[in-house]
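Working through the structure, step by step
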Amino acid sequence: MAGRTQGSKCLLKVDYNNLTAQAVGSAGLAPEELNDLKASASEALNDVLSRHKKGDLPFMDLPLDEATARSCQRLADRSRRKCRDVVVLGIGGSALGTAAIYTAVKPLNYHRLPEENRHWPRLSVADNIDPEGFQAVLENMDLEKTCFNVISKSGATAETMSQFMIIFDLLRRKLGPEEIVNHLVVTTDPKNGVLRKIVKAHNLVSFEVPPGVGGRFSVLTAVGLVPLAMAGVNIKELLAGALSAREDGLKSFSSNIAALIAGLNWYMTTKKGRASLVLMPYADSLAKVADWFGQLWNESLGKARKLDGQPANSGQTAIKAVGATDQHSQLQLYMEGPSDKTVMFLGTEKFRKKQPIPDIFSEYPELAYLGGRNLGELLEFERKGTARALAENGRPNLTLTMPEIRARTIGYLIQTLELATVISGSLYGIDPLDQPGVELGKKFTYGLMGRPGFDDFLDRYNKGNSANRKFILP
Ligand code: PA5
């Protein structure tokens, strides 16, 4: 099945031949199973579309929000003059989508180009709090020419807020309090949270995360659009691609790629025992798309309970692998280890660069076949060869193909996979928009850090740990 055509090109193609019983035997889908799957996925799609009509799923309409895109672009055009580096302070849904899109569409060597060849600031995403890692992000940056974008929907996440406090203090000490406003942009909830209070108290430039749009569905809001526009990503193109995916996402099952991806993976998980989904892009620029997808799929679908309160323990573990690199590390397991995975390849028909392989060593038959070809060609054949080899080993796989990797195709991919996630939620009967499971760990952290109101968790931590002392070595 192919998604929205652009001129003669389509923006995303799904080939699921290698998921059929004909290709992989009993691990695959027999014709009657395919019919069952289609009926269920079609029902789930209708459920999602009716919730969207009622206004329940605002992420689906983000590509229509031209006003936000315009104000993000205005900020980017202004900041471009004074700014050489943009640093995102955020985590999870406030970071991964931005990193994925930036890495996908900007040249991979952008950060290493000499300054005179960089026409837009470099973007770095500081999404962890390892002290060494955080300091490394800031190294080699001229503070006077750096803009920070702190992003937190809740305005409370400990990791992001601690980074924010470090940077706020650094700017105040090094550049002076009156300069903070020129180096800091905040993206947070329009009304709630301490970050919004600080915005008001210090008159900071700010953007809003629309209510009802959760972190991992927010990359097409100001969460992603501010830093991406500041780094020179064509957000108009990105949103145009997402808009095409939105339109296709509203279509019935037979021409709805998102519903197909959801249905296939749900069926493979729940009826065919494929508990994991390996997303395997064959392009370095798409590696972070797999990180973004991992969060989207895992955090959205891994749920203890169904909407009706019944036990669920639902989900399919998304795993990142990058071709061809991981053919030489993970693939052996996927070929011959536990038969519990589906592999979803992500490929492109065209690479941005050509790298010919010189026509030398023709006297050695072991190398002669490589000479005169190019690396992109080799990488594509590696993907196709691996898909075939998996199929021959009875390992189901499917392939998503983009015509090329640029803002429009990435916008299409992002919006399609977000919709596929929500349709999957409906298939599992769970709420894909919440994440109750990540809260408990946060509460223990608060207890350990001495946050008022969380003493109980410190006690529970100490009690729980003292019972296990004897199992620590040395
Ligand atoms: O997808 C999500 O909701 C989470 O990953 C959040 O984005 C993450 O926890 C960060 O939250 P916040 O933006 O509130 O700081």
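Residues numbered from 1 in each chain as written. Predicted model: local features only at pLDDT ≥ 70, side-chain atom pairs only at ≥ 80, totals over all residues. Heavy atoms only, no water.

**Quick look at the domain arrangement of the protein chain**
Its domain assignment divides the protein chain into domain 1 (4-54 + 239-428) and domain 2 (60-233). Averaged C-alpha coordinates put domain 1 and domain 2 at centres separated by 30 Å. Across the boundary between the two partners, domain 1 contributes 31 residues, which contact 22 residues of domain 2. Taken together, the two surfaces of domain 1 and domain 2 that pack against each other cover about 2,300 Å², and 69% of this comes from carbon and sulfur. It is Leu239, Lys288 and Gln295 that lose the most area in domain 1 upon contact with domain 2, and together they represent 24% of the buried surface on that side. A salt bridge links Glu299 to Arg216; the nearest nitrogen and oxygen atoms lie 3.1 Å apart. (Domains from an automatic or database assignment. Contact = heavy atoms within 4.5 Å. Buried area = accessible area lost by both parts, 1.4 Å probe. Salt bridge = Lys/Arg side-chain N within 4 Å of Asp/Glu carboxyl O.)

**So, the site of the ligand**
For the ligand, the set of nearby residues contains 13 residues, the closest of which are Ser94, Ser152, Ser154, Thr157 and Gln295. Between Thr157 and the ligand, the recorded distance is 2.5 Å, taken from a side-chain N or O atom to an oxygen atom. Residue Gln295 places a side-chain N or O atom 2.5 Å away from an oxygen atom belonging to the ligand. Taking 380 Å² as the accessible area of the ligand by itself, protein coverage stands at 87%. Here the shell around the ligand is composed, by residue class, of one nonpolar, nine polar and three charged. (Near = heavy atom within 4 Å. Polar contact = N/O pair within 3.5 Å; in protein donor to acceptor, adjacent residues only side chain to side chain. Areas by Shrake-Rupley, 256 points an atom, 1.4 Å probe, with all protein chains shown as cover. Nonpolar A, V, L, I, M, F, W, Y, C, P; charged D, E, K, R; others polar.)

**Focus: the side chain of Ser424**
Within the secondary structure layout, Ser424 lies in helix α16 (residues 407-428). Every residue in contact with Ser424, bar those within four places of it in the chain, is listed here: Ala262, Trp297 and Leu301. (Helix = DSSP H or I, 4+ residues; strand = E, 2+ residues; numbered from the N terminus.)

**A closer look at helix α12 (residues 287-301)**
With 15 residues, α12 extends 21 Å between its outermost C-alpha atoms, agreeing within 8% with the 21 Å of an ideal straight helix rising 1.5 Å per residue. Counting buried positions along α12 yields eleven of 15 residues, so the element is predominantly enclosed. (Expected span 1.5 Å × (residues − 1). Buried < 20%, exposed > 50% of the residue type's maximum accessible area, 1.4 Å probe, protein only.)

**Things to note about the sheet that holds strand β4 (residues 85-89)**
The sheet built from five strands is open, its strands ordered β5-β4-β6-β7-β8 with parallel pairing. The outermost strands of the open sheet, each flanked by one partner alone, are β5 (122-126) and β8 (205-208). Averaged over all pairs of adjacent strands, the angle between their axes in this sheet comes to 20 degrees, without regard to strand direction. Here strand β7 (residues 184-188) pairs with β8 via four bridges, running parallel. Residue pairing in the sheet places Val185 in a bridge with Val205 of β8. Helix α6 (residues 158-175) rests against β4, β5, β6 (146-152) and β7 of the sheet, and its axis sits at about 150 degrees to β6. (Pairing = 2+ DSSP bridges. Axes fitted to C-alpha atoms, helices over the stretch in contact; angles between N-to-C directions.)

**Quick word on the nonpolar core**
In this structure, Leu264, Leu286, Trp292, Phe293, Leu400, Ile410 and Ile423 are the most contacted members of the largest nonpolar core, which totals 98 residues. Here this core takes twelve residues from α16, the largest share from any one element. Both domains that meet at this core, namely domain 1 (4-54 + 239-428) and domain 2 (60-233), each give it at least three residues. Those residues within four positions of Trp292 in sequence are excluded, and the remaining contacts are Leu96, Gly97, Ala100, Arg216, Ile414, Leu417 and Glu418. By size, the runner-up hydrophobic cluster in this structure holds 20 residues, among which are Ala126, Met141, Phe148 and Leu175. (Core = buried A, V, L, I, M, F, W, Y, C linked by side-chain atoms within 4.5 Å.)

**So, the packing of aromatic side chains**
The description of two aromatic rings rests on the distance between their centres and on the angle between their planes. Summed over all chains, the structure comprises nine aromatic pairs. With a centroid separation of 6.1 Å and 75 degrees between ring planes, the pair formed by Trp266 and Tyr267 is classed as edge-to-face. Of the two residues, Trp266 and Tyr267, neither departs from the other in class, the shared state being buried. Ring pairing ties together the aromatic residues Phe444, Tyr446, Phe454 and Phe457, which thus form one cluster. The ring centre of Trp120 lies 3.8 Å from the NZ or CZ of Arg80, which sits over that ring. A cation over a ring is seen here: Arg451 above Tyr446, with NZ or CZ 4.4 Å from the ring centre. (Phe/Tyr/Trp six-rings, centres within 6.5 Å; stacked < 30°, edge-to-face > 60°. Lys NZ or Arg CZ within 6 Å of the ring centre and 35° of its normal.)

**Some remarks on the pairing of strand β10 (residues 317-320)**
Taken together, the four bridges between strand β9 (residues 276-281) and β10 define a ladder with parallel strand orientation. Opposite Leu277, over in β10, you have Ala318 as the bridge partner. Crossover handedness for the path β9 to α12 to β10: right-handed. (Right-handed = clockwise from strand over helix to strand, strands pointing away.)

**Overview of the pairing of β9**
Taking burial as the measure, the six residues of β9 include six buried ones, the bulk of the element. Burial of β9 is two-sided: the residues Ser276, Val278 and Met280 facing one way and the residues Leu277, Leu279 and Pro281 facing the other way are all buried. Relative to strand β11 (residues 341-348), β9 is paired through six bridges, and the arrangement is parallel. In the sheet register, Pro281 faces β11, and the bridge partner there is Leu346.

**A short note on unusual backbone geometry**
Gly323 connects to Ala324 through a cis peptide bond whose omega is 0 degrees. Relative to the assigned elements, Ala324 resides in the loop between β10 and α13 (331-336). Located in the positive-phi region is Asn313, a residue other than glycine, with phi close to 40 degrees. Within the fold, Asn313 resides in the loop between α12 and β10.

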